[in-house]
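Examining the three-dimensional arrangement
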Amino acid sequence: MTRFDRHAVHESAVGHVTGRAVFTDEQYPSVGMLSLYPVQAPHAHARLLRIDCAAAQAMPGVHAVLTAADVPGENDTGPILHDEPLMPADTVRYHGQAIAWVVADTEAQAQAAAKAVRAEYEPLPALLDIDAAIAADSFHQAPAQVARGDAEAALARAPRQLAGEVRCGGQDHFYLETQASWAQVDSEGFVQVVSSTQHPTETQIIVARVLGLPAHRVVCRSLRMGGGFGGKETQANAFAAIAALAAQRTGRPVRVKLPRSLDMQLTGKRHPFLGRYRVGFDDEGRLLALRVELYSDGGWSCDLSPPVLMRAMVHVDNAYYLPDVRIVGRICKTNLASNTAFRGFGGPQGMLVGEEILDRVARALGVPPETVRERNLYRAGETPDRNQTPYGQPVVDNHLPQLWSQLLRDSDFAARRERLRRFNETSAQAKRGLAITPVKFGISFNKVDYNQAGALVHVYTDGSVQLNHGGTEMGQGLHSKMLVVASRVLGVSIDRIRVMVTSTDKVPNTSATAASSGSDLNGQAVKAACETLLARLAPVAAQKLDATAEDIVFADDHAQVRDAPQRRIGFAELAAAAYAARISLSATGFYRTPGLSWDPAAGHGHPFYYYAFGAAVSEVEVCGYTGIHQLRRVDVLHDVGRSLIEAIDRGQIEGGFVQGLGWLTCEELRWDASGRLLTDAPSTYKIPTVGEVPEDFRVSLFERSSPPTTEVIFHSKAVGEPPLMLALSVREAIRDAVAAFSPSSDRVELASPSTPEAIHAAIERMRTDGSAA
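Residues numbered from 1 in each chain as written. Predicted model: local features only at pLDDT ≥ 70, side-chain atom pairs only at ≥ 80, totals over all residues. Heavy atoms only, no water.

The next thing to look at is the pattern of salt bridges. A pair can form between side chains of opposite charge whenever their charged atoms are brought close. Summed over the entire model, instances satisfying the criterion amount to 53 salt bridges. Note that Glu165 is salt-bridged to Arg276, the shortest N-O span being 3.5 Å. Here Arg276 lies in strand β13 (residues 273-281) and Glu165 lies in strand β8 (residues 160-168), a separation of 111 residues in the sequence. Looking at Glu165, the relative accessible area reads 37%, which means it is partly exposed. Residue classification places Arg276 among the partly exposed residues on the basis of a relative accessible area of 29%. (Salt bridge = Lys/Arg side-chain N within 4 Å of Asp/Glu carboxyl O. Helix = DSSP H or I, 4+ residues; strand = E, 2+ residues; numbered from the N terminus. Buried < 20%, exposed > 50% of the residue type's maximum accessible area, 1.4 Å probe, protein only.)

Right, let's talk about empty space enclosed by the protein for a bit. In this structure the tally under the stated criterion is 7 cavities of 30 Å³ or more. Around the largest cavity, the lining comprises 19 residues; the ones closest to its centre are Glu84, Tyr94, Ala238, Phe239 and Leu266. Contributions of two or more residues to the lining of the largest cavity are made by β5 (98-104) and α7 (236-250). For the lining of the largest cavity, the leading source of residues is α7, giving 3 residues. Its residues assigned to classes, the lining of the largest cavity comprises 11 nonpolar, 6 polar and 2 charged. (1 Å grid on protein atoms, 1.4 Å probe; cavity = no way out; pocket = protein on both sides within 12 Å on 5 of 7 lines; lining within 4 Å. Points joined across faces, edges and corners; volume = space filled by probe spheres on them. Nonpolar A, V, L, I, M, F, W, Y, C, P; charged D, E, K, R; others polar.)

Quick look at the sheet that holds strand β18 (residues 465-469) now. Working definition: the strands of a sheet are paired by backbone hydrogen bonds and lie parallel or antiparallel to each other. Here 4 strands make up an open sheet; going across it, the order is β19-β18-β17-β24 and the pairing mixed. The strands lining the two open edges of the sheet, one partner per strand, are β19 (497-499) and β24 (586-592). For this sheet, the mean inter-axis angle between neighbouring strands, taken without regard to orientation, is 20 degrees. As judged from the 5 bridges shared by strand β17 (residues 452-459) and β18, these two strands associate in the antiparallel manner. The residue of β18 that forms the bridge with Leu456 is Asn468. The strands touched by helix α14 (residues 478-490) within the sheet are β18 and β19, with β18 carrying the most contacts at an inclination of about 130 degrees. (Pairing = 2+ DSSP bridges. Axes fitted to C-alpha atoms, helices over the stretch in contact; angles between N-to-C directions. Contact = heavy atoms within 4.5 Å.)

Further remarks concern the pairing of β13. When you tally the buried positions in β13, you get 7 out of 9 residues, the bulk of the element. Pairing between β8 and β13: 9 bridges, direction antiparallel. In the strand pairing of β13, Ala163 is matched with Arg278. The pairing of β13 with strand β14 (residues 287-299) spans 9 bridges and is classified as antiparallel. Looking at β14, one finds that Arg276 is bridged to Glu293. Two successive antiparallel strands, β13 and β14, enclose a turn made up of 5 residues, where Gly285 displays a positive phi of approximately 90 degrees.

Structure below.
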């Protein structure tokens, strides 16, 4: 990468494939480093009566056994509500919860000693799913609502109505690098933390809270992560805090790195959801009214469940106009690990409910689902206005109708639909299905405060550049895109620029790298810092080149006169000249997203800066004997704006789609009657493999006729989360194939995830219903 180039590659690609890239637990260990291992509770809900650590503390290599009594500050790691003790003082809230942590010379010694800790419990009744929580009236916070018009009156007027419910399961993040943190306290009492975290500032704040210190006495660094997907937005905080507490207590550096099974037991997942709905529609399938009740499983503590629920509520509409609507949401309080952020942040669950409703409407009318979906798309310029969301925000830069039409054409949808019909007529035990689904996903943090970013850029006298920003790298290519932004603004080759490790002592008060906003926010901050430097350098160059500052442009590692590019000075020479002239070569940059507003009580406002659009066509074949499906072909058309790095954006689209495919088809979480997680290893929890990836996977980037009206960084658009929801087309294609086993049926009940067992059960229901008819 020697210049700004949309075809640049990932800055850590070589390090990843050679193993040279260093992750948190791969650093060179400090002398005397100790390790941690948890003592886990064998109950999902119980009073903690007594902990006896004497035997464990007497074992070889053990330095301490930490309990709630050892916390010098506040025993809490909750990011929103202070309802999440680092270690329970009196009540166990989920099976496997860490009631204590052993600190020892080695992890093996700590693990052995953890088994020697004795605890006494009084078991209590446990709530282990959404239905149990509803029955017990067990909820986090009051109900939330998003509404427009009078849904009840519109339902009463509607020519047709349907009611039903749909459920979707959770999903483990299954990042390659499990939760990891290193901590040490230096000679001045400053706490140094290296954490695999998406939110170094919040990790800093939580560590300081637990230790009873001001934030300026804690520095948190994030080297890079081996995946995050939202699972390290808040869930990394507790592990950083326990490592820091152990370091403070022992005076030694301490590490914690969870084995896979522990990681899956101790951390939250994507929220399972239950959606109950009643929809009113006309004879052509146009939606007239909708009432939805959403229930999410928040687990034992609140974590990020409120904004996850709200994003689900404002994405039930997905890409469809809803004239009169009322959506009410509740967060169920259960005795499971606290569920948390996951790629899409509630959006996928909300969209799944919406797509379920559209399919029900289509099959009740005997109209192809793709036709009903197209009739209900948001459209600009129509009367009455069909381009405003239920929460009062216009769908800005709405290219959905054009994108939809292009994908139908490019995927040869109509001809393939006819070929599938003929195949299904002649095949008794194998059926094929085809579906197209859209995505409209709002880009910005739900909480307006978080839509800000900072950067710090240094230019050295040899012309090299050091770049600091508040975003974290988890493999998604954020650092690579920031290099492109800095390179383009400064007019220098990427080889001159070095991205530094994200650290709270370089860029403070940062937001999480989440909500698909990493490039948007940090890119604008980097751009602002670089423009400040150019404003300082331009007069120096102008003096050297006998020109005005306004005539100076920066390109190809030089400053040059706009209309006389042969008059130029090298960037390194210019930096040295600026230093000699006592001009500062260091600048901060700051950005806050304009135009955002949100009233959570009213469920109304402009929470998103813009929307990301896409659509996907999926074709499957389902075996009637086994319920196993084969994903034959996928066509994706996605709007990434003007891509900063095309290879990275394509990788995000493909990876997001496959991760969504896993959530919807094979990743099934199971607990036993005591609340113990059964699927805590790759042997029992199935993530997608090469065999699940489409045989024919076609990804195209939508070419818009005009740039977006919002000022996004170099007209690029977010691409981290939206592609995951394109996988809803696979679920709908499976439903289409299942329907072919009983073409006269007006409803297809399909569980999510649609595992082979679930698909087989759906087929058997269709056959039974068909026989009864």
